[in-house]
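Architecture and fold: a report
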Amino acid sequence: MGEFKMKKDTYILGIETSCDETAVAIVKNGTEIISNIVASQIESHKRFGGVVPEIASRHHVEQMTIVLEEAFQESNLNWKDIDAIAVTEGPGLVGALLIGVNAAKALAFAKQKPLIGVHHIAGHIYANRLEKEFQFPLLALIVSGGHTELVLMKEHGRYELIGETRDDAAGEAYDKVARMLELPYPGGPHIDRLASEGEASIDLPRAWLEDDSYDFSFSGLKSAVINTIHNAKQRGESLKKEDIAASFQASVIDVLTTKTVKAAKNYHVKQVIVAGGVAANKGLRTALTEKFAETDIPLLVPPLRLCTDNAAMIAAAGTISYEQGKRSGMDLNANPSLLLK
Amino acid sequence: MYILSIDTSNQSLGVAIMKNDIVIGEVITNIAKNHSVRLMPAIDELMKEVNITPEQLEKIVVAKGPGSYTGVRIGLTTAKTLAWALNIPVVGVSSLEALAYQGRFSQALVCPFFDARRGLVFTGVYQWKEGKLSLVREETNMLMEDLLQSFLEQNQEVLFLSPDIDKHAENIKGKLGDLAIIPENTFQIANPSHLALASTNYEADHTHSLTPNYLRLAEAEANWLKSQKETK
Ligand SMILES: [Zn+2]
């Protein structure tokens, strides 16, 4: 008894437009989704076999206020409830980022609310906090079309990059191999599905790099897949697509899981979290789950809907910045190569 | 009624605040710098200078292009979001039309244009008659050479207005001679207050569906817009 201190709830409105989804969400106290609207453009980019930046930007400008309105209506909140506006400032496609950043600035100005720029990957990491509270130190494996990174966190809002890809991101390698196998865009889910039906019978390389390195490299693997397909054709043999997919995926997953487990042990982390679009990959989820079951380190994998780009994750990461007093000015800009700090 | 006008569709950045038809503040810069970084601070500072708060605004007017795709989107996103958040109307005005207001007292045909690279220009033909501006030839994206040829055939005086005039003046004079009227550079960029004036001829746009006046569509974009219209 006797504790009369009232702690007001914090509501952050998040905006994300770094690639091909226009997304707005409202999150309570950094942990609870109040509304989470994502307008995906995937159907529009499919025919091009990838995201076309100019078209992505055109869609964002058309969708922005519609998605804002939906997110607001679904929340049943008033503007006076909103404490701050958080927005992805980078990295991503500059023309796409600009729409979110300028919308966020206009909102912050119109409603006289604090503005907070958020790193996209910090968002992916904080998607997990919408499921379970963090325990530090924690290790985050981020795998997406643009990223393959291992990030160590000793406290909220501080990120230490301990490993990253030296060439292609894992998701990029998936898309390229999918194109070779003539699978529709986006290729990742198709490879994942084919892999589950095939056998990893083809010997493909694993890029371990230096002994003490947590960096990744996938371009050699990609070339090996091209050569394998090419050589088989030359010999008049036909390889099963399922087996190619399974062998490719086995190589990617082997490197990702081995390095993640090693880093987790070396840094004595209390938690490992997986983030980014490729975290939706079933093969990867299963392999990581099995490997970490052999350790006593808990593994957190977000539900599928929080793996892909959304604004709830931006609001969640923005909540921490808000609580730590970090603010952006009206001169906030899109930064396509923003570093995670 | 307080009106905020925004133009970031080309190199110049313009913001104006009007009280009905009176300009109470206007800022124009004409330097090659980032609109995304500078637009909101420019609005913020001008509003403070003239002592107006966001809630006092009753209408937003924006230059919707043609021009730089990115610049147009920065202006439109800002204008649409402000209008939505403040629950006030927004009106998009063609950037060419706003520029044509610099020819208010000319009897000639008015040809505002923006350089669109590779010999192309975004342009339209306007004319002032009895204090009213009318569009006499649709805005389009065309070759400067074809545009000048059409004026030559028409054999009528034409007033040229463009922030890119220096690049084209010699060519225009060479082709059209005395038919071409090219005023001093101070007339060659649009005033954001003219946007507000032009907007009085239009109904408010629907905030969600106000889109840029790109005047140039990639084929894929054209297809996409068509499919959008079909679903509406
Ligand atoms: Zn992402």
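Sequence order as written defines the numbering, with residues in each chain counted from 1. The lettering of chains begins at A and the numbering of ligands begins at 1, in the order of writing. In view of the model being predicted, local features appear only for residues whose pLDDT reaches at least 70, and side-chain atom pairs are presented and counted only at 80 or more, with totals across whole chains, interfaces and linings using the full set of residues. Neither water nor hydrogens contribute to the side-chain values; these are computed over all heavy atoms in the structure.

1. Looking at the packing of aromatic side chains
Aromatic ring pairs are reported here in terms of the distance separating the ring centres and the angle at which the planes meet. Applicable threshold: Two aromatic rings from Phe, Tyr or Trp, using only the six-membered ring of Trp, form a pair when their centres are within 6.5 Å; if the ring planes differ by under 30 degrees the pair is stacked, by over 60 it is edge-to-face, and anything between is tilted. Helix and strand labels come from DSSP, where a helix needs a run of H or I of at least four residues and a strand needs a run of E of at least two; each type is numbered from the N terminus. Each residue is placed in one exposure class: buried if its accessible area under a 1.4 Å probe, protein chains only, is under 20% of its type's maximum, exposed if it is over 50%, and partly exposed if it falls in between. Definition used: whenever NZ (Lys) or CZ (Arg) falls within 6 Å of the ring centre and also within 35 degrees of the ring normal, the charge is taken to sit over that ring.
Tallying each qualifying case throughout the model produces 12 aromatic pairs over all chains. Taking the centre distance of 5.0 Å and the plane angle of 80° together, the rings of Tyr174 of chain A and Phe248 of chain A count as edge-to-face. One end of the pair, Tyr174 of chain A, is in helix H5 (residues 170-180); the other, Phe248 of chain A, is in helix H8 (residues 241-266), with 74 residues separating them in the sequence. Here the two residues Tyr174 of chain A and Phe248 of chain A agree in accessibility, since each one is buried. Considering the side-chain rings of Phe151 of chain B and Phe160 of chain B, the 5.8 Å spacing of their centres and the 90° angle between planes classify their relative orientation as edge-to-face. We classify Phe151 of chain B as buried; its relative accessible area is 1%. Looking at Phe160 of chain B, the relative accessible area reads 0%, which means it is buried. Three or more aromatic residues link up through ring pairs in this structure, and these residues are Phe72 and Trp79 of chain A together with Trp84 of chain B. Across from the ring centre of Tyr69 of chain B, 4.7 Å away, lies the NZ or CZ of Arg58 of chain A, which sits over that ring.

2. Regarding the packing of helix H6 (residues 188-197) of chain A against H8 of chain A
Residues and elements named next belong to chain A. Filter applied, for reference: Axes here refer to lines fitted to C-alpha atoms; in helices the fit is confined to the stretch in contact. Angles between the N-to-C directions go from 0 to 180 degrees. Should an angle fall under 35 degrees it is taken as roughly parallel, and over 145 as roughly antiparallel, whereas 65 to 115 is taken as roughly perpendicular and any remaining angle as oblique. In this description, contact between two residues means that some pair of their heavy atoms is separated by no more than 4.5 Å. Each residue is assigned to one of three groups, with Ala, Val, Leu, Ile, Met, Phe, Trp, Tyr, Cys and Pro labelled nonpolar, Asp, Glu, Lys and Arg labelled charged, and all others, Gly among them, labelled polar.
With their axes 7 Å apart at the nearest point, H6 and H8 run at an angle of 105° to one another. When the axis of H6 is compared with that of H8, the two are roughly perpendicular. In this structure, H6 contributes Ile191, Asp192, Leu194, Ala195 and Glu197 to the contact, and H8 contributes Lys241, Glu242, Ala245, Ala246, Phe248 and Gln249. Residues of the contact of H6 with H8, tallied by class, amount to 6 nonpolar, 1 polar and 4 charged.

3. Description of the domain arrangement of chain B
Residue and element names in this part refer to chain B. This is how it is decided: Throughout the structure description, domain borders are defined by an automatic or database domain assignment. As a working definition, buried area equals the accessible area (1.4 Å probe) given up by two parts on being put together, with both sides summed. One side-chain nitrogen of Lys or Arg within 4 Å of one carboxyl oxygen of Asp or Glu is enough to make a salt bridge. Definition of a polar contact: a pair of N or O atoms within 3.5 Å, with one able to donate and the other able to accept a hydrogen when the atoms are protein atoms, and with sequence-neighbouring residues admitted only if both atoms are side-chain atoms.
As far as domains go, chain B holds domain 1 (2-94 + 191-223) and domain 2 (96-181). Using C-alpha coordinates to define each centre, domain 1 is positioned 24 Å away from domain 2. Facing the 17 residues of domain 1 at the interface are 13 residues of domain 2. Interface of domain 1 and domain 2: buried area, both sides summed, is about 1300 Å²; carbon and sulfur atoms make up 53% of it. Of all residues in domain 1, the largest losses of buried area upon contact with domain 2 belong to Ser94, Leu215 and Arg216, amounting jointly to 41% of the total for that side. For the interface between domain 1 and domain 2, the tally reads 0 salt bridges. Counting every contact that joins domain 1 to domain 2 gives 6 residue pairs in polar contact (both at pLDDT 80 or more). Residues that form the side of domain 1 that touches domain 2 fall into these classes: 8 nonpolar, 8 polar and 1 charged.

4. Some thoughts on the interface of chain B and chain A
Across the boundary between the two partners, chain B contributes 35 residues, which contact 31 residues of chain A. When the shortest N-O distance is used, the salt bridge between Arg73 of chain B and Glu54 of chain A registers 2.9 Å. Taken together, the connections running from chain B to chain A amount to 10 residue pairs in polar contact (both at pLDDT 80 or more). Looking at the side of chain B that touches chain A, the elements with two or more residues in it are helix H1 (35-49), helix H2 (69-86) and helix H7 (219-231) of chain B. Residue contributions to the side of chain B that touches chain A peak at 13 residues, all from H2 of chain B.

5. Focus on the packing of helix H7 (residues 219-234) of chain A against H8 of chain A
All names here are of chain A. The cut-off we apply is this: Take the far helix as your reference; a near helix turned counterclockwise from it by less than a right angle gives a left-handed crossing, and one turned clockwise gives a right-handed crossing.
At a minimum axis separation of 11 Å, H7 and H8 run at an interaxial angle of 160°. Compared by their axis directions, H7 and H8 come out roughly antiparallel. Read as a crossing pair, H7 and H8 show a hand that is right-handed. Residues Leu221, Val225 and Ile229 of H7 touch H8, and the partners they reach there are Ile244, Phe248, Ser251 and Val252. Among the residues forming the contact of H7 with H8, the class breakdown is 6 nonpolar, 1 polar and no charged.

6. Let's talk about unusual backbone geometry
Residues and elements named next belong to chain A. A cis geometry characterises the amide bond from Gly90 onward to Pro91, with omega recorded as -10°. Assignment of secondary structure puts Pro91 in the loop between strand E4 (84-90) and helix H3 (94-110). Cis geometry marks the peptide bond from Phe136 to Pro137, where omega comes out at -5°. Summarising the element assignment, Pro137 is placed in the loop between helix H4 (120-126) and strand E6 (138-143).

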